[in-house]
Amino acid sequence: MNKPVEFIEFTLNGKTIAATPGETILDAAKRSRMPIPHLCASRGLEPVGNCRACVVEIAGERTLAPSCCRAPTPGMKVESTSARAVAAQKMVLELLVSDAGAASAELTTQSKLLFWADKLQAPRGRLPQREAVASDTSHPAFAVNLDACIQCTRCIRACRDIQVNDVLGLAHRGAHAKIVFDQDDPVFDSTCVACGECVQACPTGALMPARGAGLATIDRAVDSVCPYCGVGCQLTWHVGRDEHGDETIRYVTGRDGPANHGRLCVKGRFGFDYVRDGERLTVPLIRRDGVAKDPAHIEQVKRGELPLSALFREASWDEALERAAGGLASIRDSAPGGAQSPLAGFGSAKGSNEEAYLFQKLVRTGFRTNNVDHCTRLCHASSVAALLEGIGSGAVSNPVEDVAQADLIFLIGANPAANHPVAASWIKNAVKRGARFVVADPRATPMTRFATWHLAFRPDTDVALLTGMLHVIVAERLVDEAFVAQRVNGYDALKASVAEATPERMAEICGIPAETIREVARAYATSKGSMILWGMGVSQHVHGTDNARCLIALALTTGQIGRPGTGLHPLRGQNNVQGASDAGLIPMMYPNYQRVVREDVRTKFEQLWGTGLGGEAGLTVVEIMHAAAAGRIRGMFVEGENPAMSDPDLDHARAALAKLEHLVVQDIFPTETAILADVVLPASAWAEKWGTVTNTDRLIQIGRPALAPPGQARQDLWAIEQIARRMGLPWDYWRAEDGDGQHAAEAPVARVYEEMRTVMEPLAGVPWARLLREEAVVTPAEREDAPGQAVVFTDHFPTADGRATIVPARFTPGPEQPDRDYPLVISTGRVLEHWHTGAMTRRAEVLEALAPVPRVSIHPADAAPLGVADGDAIRVESHHGAIEAVAEVTPAVRAGQLFLPFAYWEAAANRLTGSAIDAFGKIPGFKVTAVRVEKV
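Note that the structure is predicted; figures quoted are calculated from it, not measured.

Asks: Break down the pattern of salt bridges for me, citing the residues and quoting the values.
Replies: All told, the structure shown has 61 salt bridges when counted by the stated rule. Where Glu-319 meets Arg-313, a salt bridge forms, and the shortest distance between an N and an O atom there is 2.6 Å. Asp-651 is the salt-bridge partner of Arg-911, the closest N and O atoms lying 2.9 Å from each other. Here the residue Arg-911 occupies a position in the loop between strand 36 (897-901) and strand 37 (929-935), and Asp-651 occupies one in helix 24 (residues 650-659), the gap between them amounting to 260 residues. What emerges from the salt-bridge pattern is a single network uniting Glu-299, Arg-303, Glu-305, Asp-651 and Arg-911.

Asks: So, the side chain of Ser-425: which residues are in play, and what are the values?
Replies: Checked against the element boundaries, Ser-425 lands in helix 12 (residues 421-432). Judged by its relative accessible area of 0%, Ser-425 is buried. A distance of 2.5 Å separates the side chain of Ser-425 from the backbone oxygen of Val-422, its partner in a polar contact. Setting aside its immediate chain neighbours within four residues, Ser-425 contacts Ile-162, Gln-163 and Arg-263.

Asks: Which residues make up the nonpolar core, and what values go with them?
Replies: Ranked by size, the top nonpolar core spans 84 residues in total, and within it Phe-142, Phe-181, Leu-207, Ile-409 and Phe-437 carry the most contacts. The leading source of residues in this core is helix 12, at 7 residues. Setting aside residues no more than four positions away along its own chain, Phe-142 makes contact with Asp-136, Phe-181, Val-187, Cys-192, Ala-194, Val-199, Leu-207, Met-208, Pro-209, Ala-210 and Phe-270. In this structure, Ala-325, Cys-375, Ala-719 and Met-760 belong to the second largest nonpolar core, which totals 63 residues.

Asks: Give a detailed account of the sheet that holds strand 12 (residues 247-254), specifying residues and quantitative values.
Replies: Strand pairing in a sheet relies on backbone hydrogen bonds, with the paired strands running either antiparallel or parallel. Taken together, 3 strands build an open sheet; the order of strands is 10-11-12 and the sheet is antiparallel. The open sheet has two free edges, formed respectively by strand 10 (218-225) and strand 12, since each of these has just one partner strand. Neighbour to neighbour, the strand axes of the sheet diverge by 30° on average, direction disregarded. Taken together, the 7 bridges between strand 10 and strand 11 (residues 234-241) define a ladder with antiparallel strand orientation. By the bridge assignment for strand 11, Arg-220 is matched with Val-239.

Scoring rules and cut-offs
- Residues numbered from 1 in each chain as written.
- Predicted model: local features only at pLDDT ≥ 70, side-chain atom pairs only at ≥ 80, totals over all residues.
- Heavy atoms only, no water.
- Salt bridge = Lys/Arg side-chain N within 4 Å of Asp/Glu carboxyl O.
- Helix = DSSP H or I, 4+ residues; strand = E, 2+ residues; numbered from the N terminus.
- Buried < 20%, exposed > 50% of the residue type's maximum accessible area, 1.4 Å probe, protein only.
- Polar contact = N/O pair within 3.5 Å; in protein donor to acceptor, adjacent residues only side chain to side chain.
- Contact = heavy atoms within 4.5 Å.
- Core = buried A, V, L, I, M, F, W, Y, C linked by side-chain atoms within 4.5 Å.
- Pairing = 2+ DSSP bridges.
- Axes fitted to C-alpha atoms, helices over the stretch in contact; angles between N-to-C directions.

As structure tokens, this is what we get:
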């Protein structure tokens, strides 16, 4: 039971107010709406008291005190508006304005310096001998104007203490002191990762977004959620007008949401202008008669050699919808449904929960099949398979921020500094506070410099490393025997399985010294709280389920689950991959992971949806592509996905898509997949719609529209329903009073959400009205009047007997082994600046400027014999295909290993990867492909 908060009462300006323990006088004054001038103090930053704008007079004390650094005591009498205090505040502000005020006024309309100066009527002026400081505009995201700098150090503390990027510092002394990036480098040449935390912290405009955003007229601010990774950062879009008078997002700021507390990364803060890119689809398109679907057209269109108009003609929405639905219905009616259905659908984890729910409902009731899937099949399907099998739930046990309470953090197969930067900041914060940190990854990722141990194991040997650790835990009796006895099945089978997996034997396989395996295993098992986080480096293997089984076994054997600072957390890649899976956008599960093969479950959904349903699990992403290539799948609806870039063995996948009799694509850009379509429907971007998303922490949050879709583009939810109606479904979520689908409407989204909530138990206590009121609720939430459960599995697991089950795994080599002809292995993944297949980020001006070229990381020992130097063009070839890219010679990868980001169409990484899949999770093995390299 929580103890009641003991308030500290004191008087401020003659009024009694209360402070909570840990609050400063300034904090309490803000909360009591009695503001005190301040410049160097900011929420989330450690107070330093170096500007002295917030000084107050405390009864009985000789000197004035900075209120940002001073904690109140019971009965303390404080005056912030006394003549003495105001005179001091005013003098400080006058001096600062004389130094930086003129420049601040020229850079931003949001200057805190000028706000407080005007409030206290401090005169504006400029020191006559003040020399101007040259601006640094080398970076595409933001500009540095030290002419407006007051050296409050908010930017330094934001960089070092919040994001822990350690780029900004204070150089020189006295009158020569200045803020610098690294060793006073131009920003673009520094190690700055452009998270923009310093920009958000700056109170004067010395650091401002590029393109004059600080002086832009803002018509309104719209609160929403970041459209990129699974962290789910809350943000505010500041909407104004561009030079043509059209509404646009001028800049973005972070909000104090549960997942980010104001933090953002380069994508969330600067990657917003894709929504107004010139390539947005603004009118429905229908393939021209007689124009074949040729995969070669993809690169011809992308290179500008073939206009899109040569492949498609413009159409009205009525014609496009009739053609889209009619083609799907014709194929449906020509063949049996269920497992033999010739139709399939790919939904999206980049849209809302409501869209995911409605899309899978369309496929199951309108297409009459369970052949529906989405990108979770390509990222965490194996993790979910292992979690459902072992602990009865595919969701994370603890939120990312729980690392703050962990004694040991075990990060494996993930690069959150690039893929989940705000989550990475929580880890770095925890390490700075004293947590021990294990990074298990063949690459030396940016997180490695914070690691207590870096386990750079050989690619594809995860199981060897982890079973070696399990052997130590069992052999040295580090097992939590009470926890196992009360809550775990299968321990004896595990004990027998790992008996021969000695650290010495596993060291020979994985390349990590036996003593290091022992050391890390002991540390994990004996810490007060150990938390495991993993990414696609664990899951994207043909033995990805085995990898995850080993991680689950580590947590279960040691009892490191069910408490704060412990647990299992697969970091979700897209903004709504958790929610889309929850909503049933997977072929073997209805919403809330209810299996389609169970008759009682199927009966419930048949009654809700008013139609019969098939009882066989559908095909997964890769299986659908194979079926399309074989002619068994003849028609598809792809909404917001891009399999012509994201699927493995890409040439095969593109040929399969081109072979379809009827392909409908609904998207915001002419993606590689859209180029192969028969009908293309222009959709809405995240900033243009209402909807909910569920982040990696199981936190459901609400998104609001900031803009209207361009041209004739329509809401995704509206378009999905229009196709359903034309295929004979009596849906009426979107009604006449809600408009024609051009502008966002709240009511139909709420109707879909409330229906979805009836079949999703974790949302029982989260009605639409609560989301509007609270913005975010962690699930599961049983009651509307109670918070959700941030930490789950505290006393039982959601299984039939309440116990978890350990499933042993043994190391087996994957199918892609290097040999004489293909002596290297390549892994694919993301880079910080780009996301997924690049459809959004490569159309964001800042992001594309920061990372415009595909680069293959190669170790110096592998580059030297080939005569390859950094920046050279190289050709990488596998058994499946070849690409050309630029070499990045770096020791960050192991000798024998390469790394290639998959966001670049001109070096499409999945041309190299094969389509072998994990037998359980049905996920492809993207992380290990045998290749050879030659200099171009």
